[in-house]
Amino acid sequence: MAGRVITVTSGKGGVGKTTFSANVSAALAELGKKAVAVDTDVGLRNLDIVMGLENRIVYDLVDVVEGRCRLQKAIIRDKRLGTLHMLPAAQTRDKSAVSPDAMEKICTELRAQFDFTIIDSPAGIEGGFQNAIAGADEVVIVTTPHVSAIRDADRVIGLLEAAEKQRIYLVINRLQAEMVRRGDMLDIPDILDILAIELLGIIPEDEFIVVTSNRGELASLNPASSAGHAYKNIARRLLGEDVPLLPVEEDKGLFKRLARLFKGQ
Amino acid sequence: MGLLDKLVKHLSPGHYGPQSKAAAKERLKLALTYDRGGMAQGTIEQLRDEIIQVIAKHLAINEEEIEINFDRTVEEDKLIASIPLRMAPRTARTKSK
């Protein structure tokens, strides 16, 4: 098997890398692909708690790197979806415990076992970022429509180009349709004009993300979640399906509609 | 103010003043030009002063109206300078009309 290794990165913290990694891995697994989500944020691991697998960790990435266990033993298989897996980061070590060479070796092993290896990277552009991208065939940059996140995304694109990564895609997270409509949030064409890379998907702001992660569940497995739907579409695009971008969701509420009626819009 | 009025106001363009998207885009584009070129934020002011010095040696220019900007498009980064000249005779003509 020659699987794909996809690193999820952003530069800025808090834009939704971990949520993206967890949900897209789950969506790919639900579509029948064998997927593993890898947490490379050594010292600040979070993928486990977002995926609801925090109680099942015995070994971690650093144990594998330092030879205390075999890769197979550190990988946790999700009981809800047999095709979904997770490789946790160490919580009590720091980023220097892993190197780009070690990550490349692990990615080679994972590529042979999984259709998709989704690597969640730490915030920043230092060592942890270099570890996360070392073995990547493709890179997804997650940004939000905020100036700070977009500026950092641009910086990361420059670094990825310098590292000769060919396939780089953009995901715009937490888009608020109502603010875009009012002209108070950068719209998709604005962001694409600035960053000039291929768009993989748009994820609307969705309270389900907080609710599902509170419970250790995954929004992409919840048909009621609009963000979950967007993650599922992204998974299908990664599989080569031609899925149209979700239209920026129109407001459904009665009051919002009335408000527009009053404004004559 | 009734609930509906509040809602209408809240959802209207201009609730937070002029639409802020344009400002975001313009500021980002400029910041990214500096970031990408590894330039200091003061570069453009310095450039402006030096351009004025050079041109003013040879031509009468309208210093207040000089505009120097970086522009970023998908294809290229550009430095755009608009330097209006003081053309006394022509100004006099248009005014006399």
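Just so you know, these numbers come straight off a predicted model, no measurement behind them. (Residues numbered from 1 in each chain as written. Chains lettered and ligands numbered in written order. Predicted model: local features only at pLDDT ≥ 70, side-chain atom pairs only at ≥ 80, totals over all residues.)

### Remarks on the overall build of chain B
Let me state the cut-off plainly: Put simply, DSSP marks the helices as runs of H or I at least four residues long and the strands as runs of E at least two long, and each gets a number from the N terminus on. To sort residues by exposure, count the other C-beta atoms lying within 10 Å of each residue's C-beta; 20 or more gives buried, 12 or fewer gives exposed, and values between give partly exposed, all with C-beta atoms placed from the backbone. Residues are defined as contacting one another if the C-beta atoms placed from their backbone atoms lie within 7 Å.
When helices and strands are tallied, chain B shows four helices and two strands. Tracing chain B from N to C terminus, the helices and strands come up as α-α-α-β-β-α. Each of the 97 residues in chain B was classed as buried or not, and the buried ones make up 5%. In chain B, of all internal contacts separated by at least 6 residues, the share reaching a separation of at least 24 is 38%.

### What about the nonpolar core?
Residue and element names in this part refer to chain A. Stated formally: What makes a nonpolar core is a set of buried Ala, Val, Leu, Ile, Met, Phe, Trp, Tyr and Cys residues, with links drawn between C-beta atoms within 7 Å.
Counting 80 residues, the largest nonpolar core has Ala-35, Ala-37, Leu-61, Ile-118, Ile-141, Val-171 and Tyr-231 as the members making the most contacts within it. Per-element tally for this core: the top contributor is helix α1 (residues 17–30), with seven residues. Residues in contact with Ile-118, not counting those within four places in the same chain, are Ile-6, Val-8, Ser-21, Val-24, Ser-25, Ala-35, Ala-37 and Val-38.

### Things to note about the sheet that holds strand β5 (residues 116–120) of chain A
Residue and element names in this part refer to chain A. Applied cut-off: The rule for pairing is simple: two strands pair if DSSP sees at least two bridges between them. Inter-axis angles, ranging from 0 to 180 degrees, are taken between N-to-C directions of lines fitted to C-alpha atoms, where helices are fitted over the stretch in contact.
In spatial order, the strands read β3-β4-β2-β5-β1-β6-β7-β8; together these eight strands make up an open sheet with mixed pairing. Edge positions in the sheet fall to β3 (76–77) and β8 (198–204), since each has one partner strand and no second. As paired elements, strand β1 (residues 4–9) and strand β6 (residues 138–143) share four bridges and run parallel to each other. Within β6, the position partnered with Thr-9 by the bridge is Ile-141. In the packing of helix α7 (residues 147–162) onto the sheet, the strands contacted are β1, β6 and β7 (167–175), and the crossing angle to β6 comes to about 165 degrees.

### Here's the deal with helix α3 (residues 43–56) of chain B
The criterion, for reference: One less than the residue count of a helix, multiplied by 1.5 Å, gives the span that helix is expected to have.
An ideal rise of 1.5 Å per residue puts 20 Å on 14 residues; α3 of chain B measures up with 20 Å between its terminal C-alpha atoms. Here α3 of chain B lies mainly on the outside; zero of its 14 residues are buried.

### Thoughts on the packing of α1 of chain A against helix α11 (residues 226–238) of chain A
All names here are of chain A. Stated precisely, the cut-off is as follows: Roughly parallel covers angles under 35 degrees, roughly antiparallel covers those over 145, roughly perpendicular covers 65 to 115, and oblique covers all other angles. Should the near helix be turned anticlockwise from the far one by less than a right angle, the crossing is left-handed, and should it be turned clockwise, the crossing is right-handed. Only Asp, Glu, Lys and Arg are considered charged in this grouping, and only Ala, Val, Leu, Ile, Met, Phe, Trp, Tyr, Cys and Pro are considered nonpolar; every other residue, Gly among them, is considered polar.
Contact geometry of α1 with α11 gives a least axis separation of 8 Å together with a crossing angle of 60 degrees. By the angle class used here, α1 and α11 are oblique. Where α1 crosses over α11, the handedness of that crossing is right-handed. Seen from α1, the contacting residues are Asn-23, Val-24, Ala-27 and Leu-28; seen from α11, they are Gly-228, Tyr-231, Lys-232, Ile-234, Ala-235 and Leu-238. Grouping the amino acids of the contact of α1 with α11 by side-chain chemistry returns seven nonpolar, two polar and one charged.

### Considerations on the UniProt feature "binding site: ATP" (unreviewed entry) in chain A
Residues and elements named next belong to chain A. Rules: UniProt positions are given in the numbering used here, feature names are shortened, and annotations may be inferred rather than shown by experiment.
Taking the numbering used here, the UniProt-annotated feature "binding site: ATP" (unreviewed entry) corresponds to Lys-12, Gly-13, Gly-14, Val-15, Gly-16, Lys-17, Thr-18 and Thr-19. Note that Gly-14 resides in the loop between β1 and α1. C-beta crowding within 10 Å serves as the criterion here: with 11 such atoms nearby, Gly-14 is assigned to the exposed category. For Val-15, the position within the fold is in the loop between β1 and α1.

### Notes on the environment of Ala-37 of chain A
Residues and elements named next belong to chain A. For Ala-37, the position within the fold is in strand β2 (residues 35–39). We classify Ala-37 as buried; it has 32 C-beta atoms within 10 Å. For Ala-37 and Asp-187, which are 150 residues apart along the polypeptide, the C-alpha to C-alpha distance reads 30 Å. Beyond its immediate stretch of four places on either side in the chain, Ala-37 contacts Ser-21, Ala-22, Ser-25, Leu-47, Met-51, Met-86, Ile-118 and Asp-120.

### Let's talk about the environment of Val-210 of chain A
All names here are of chain A. Note on placement: Val-210 falls in helix α10 (residues 208–215). A count of 11 C-beta atoms within 10 Å places Val-210 in the exposed class. Sequence spacing of Val-210 and Cys-69 is 141 residues, and the spatial spacing of their C-alpha atoms is 34 Å.

### Some words on unusual backbone geometry
Residues and elements named next belong to chain A. Despite not being glycine, Glu-164 shows a phi value in the positive range, around 60 degrees. As for its placement among the helices and strands, Glu-164 is situated in the loop between α7 and β7. Residue classification places Glu-164 among the exposed positions, given that 6 C-beta atoms sit within 10 Å. Residue Arg-174 is not a glycine yet carries a positive backbone phi of 60 degrees. Residue position: Arg-174 is located in strand β7.

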